[in-house]
Amino acid sequence: MSISGLNIGGLCPRIPVIQGGMGVGVSLSGLAGAVAAAGGVGVISTAQIGYREPDFEKDPIACNLRAIADEIAKARAIANGGIIGVNIMVATKRYEDYVKAAADAGVDLIISGAGLPMTLPAISGSAKIAPIVSGRKSLHVIARYWQKKYNRKPDLVVIEGPMAGGHLGFQKEDIEKYTVHGTKDFDEEIRSTIALADEMEVPVVVAGGVYERSDLDHYLAMGAKGVQVATRFVTTKECDASDAYKQAYIDARKEDIVLVDSPVGMPGRAIHNAFLERVAAGERFIKGCKQCIITCNPATIPYCITDALVNAVEGRTQEGLIFCGSNAYRAHKIETVADIMEEFT
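Owing to the predicted nature of the structure, the values given are computational and were not obtained by experimental measurement. (Residues numbered from 1 in each chain as written. Predicted model: local features only at pLDDT ≥ 70, side-chain atom pairs only at ≥ 80, totals over all residues. Heavy atoms only, no water.)

Colleague: In this structure, what is going on with the pairing of strand E11 (residues 267-271)? I would like to understand it.
Modeller: A regular strand places its side chains so that they alternate between the two faces of the sheet. The buried fraction of E11 is high, at 5 of 5 residues. Side-chain alternation along E11 places Pro267, Arg269 and Ile271 on one buried face and Gly268 and Ala270 on a second face that is also buried. Direction of pairing for strand E7 (residues 166-167) relative to E11: antiparallel, over a ladder of 2 bridges. Each residue of the ladder has a partner; that of histidine 167, found in E11, is glycine 268. Pairing analysis gives 5 bridges linking strand E10 (residues 257-261) to E11, with the strands arranged antiparallel. Directly across from valine 258, in E11, lies its bridge partner alanine 270. Once E10 ends, the chain turns through 5 residues before running back antiparallel as E11, passing glycine 265 with a positive phi of about 95 degrees. (Buried < 20%, exposed > 50% of the residue type's maximum accessible area, 1.4 Å probe, protein only. Helix = DSSP H or I, 4+ residues; strand = E, 2+ residues; numbered from the N terminus. Pairing = 2+ DSSP bridges.)

This is how it looks when you write it as structure tokens:
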């Protein structure tokens, strides 16, 4: 039985914590299954999910679509009946095929951001659906369209703030403002978004900079029903990333966490390293196209985002991009998922 009050269209996790989807390869079946087994919602990132397949270089999309079902099945075997979700970016090439693959595999929840998931209700099957929004305005646009087109409302809304990791749904100058001055101003946007969601009787979870129990308490007091946590789960035994990737978080200082201009046209947050220095010096790292994001132009970008993220997650941390949230510097040891979830209980 749920003790959290978070009800996602009938899915009721015992602990109101959704583990954020982290690609490439950071949150796969191992991490998602462990979080689900511990009473939260475990989330697999579908971003280049098939990167370990032997024919990935030849046909990355086919490998990804094949791997979605495999990773969901593996997570189910770990989850002990817990809730398994996927995170699928709207900006993904052949987005709708990814959604259909996850739905066909019987996933419980599909979380979708990096764009407005306008077609999601039509292709999600029986899975519960949750848009990621940056504020009230984007929720209003999505909800109005879904209601008119599909007579459907979200089962959950994730509002992700500017302190999150990876690609961010804000202008770089806004992210810098919040990084310097704090997120109190964004709390007003959260309250406004929750008020709109309350009118629709849809629960809201807050993401971006959520790291410990006090963050959960803060957002519950504002009317949210839970939180989404990503960075905290990277330095766990169960995380699917390499030990070297986890160590990069542990070694990071606060001043090492920087904003970057992703080659796919979005700002992002990452750990400063030799790779970023080489990019800043004008080096280019392009070896073909991995068919990931629709906004990428291989002819003009300085590096392939897929190659950079794969290098990092596999442990070549000075040759790749290490995405992280604003609190990555707070990691000082390897934890277990169970211990973190107990803290949030």
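Colleague: Where do I start with the pattern of salt bridges in this structure?
Modeller: A side chain of one charge can pair with a side chain of the opposite charge if their charged atoms are brought near each other. Under the defined criterion, the tally for this structure stands at 16 salt bridges. Here aspartate 55 and arginine 66 are joined by a salt bridge, their closest N and O atoms 2.9 Å apart. Taken together, the positions of aspartate 55 in the loop between strand E2 (41-45) and helix H2 (60-79) and arginine 66 in helix H2 put the pair 11 residues apart, joining distant regions of the chain. Arginine 278 is the salt-bridge partner of glutamate 283, the closest N and O atoms lying 3.0 Å from each other. Since its relative accessible area comes to 33%, glutamate 283 is described here as partly exposed. Via salt bridges that share partners, Arg52, Glu71 and Lys74 belong to a single interconnected network. (Salt bridge = Lys/Arg side-chain N within 4 Å of Asp/Glu carboxyl O.)

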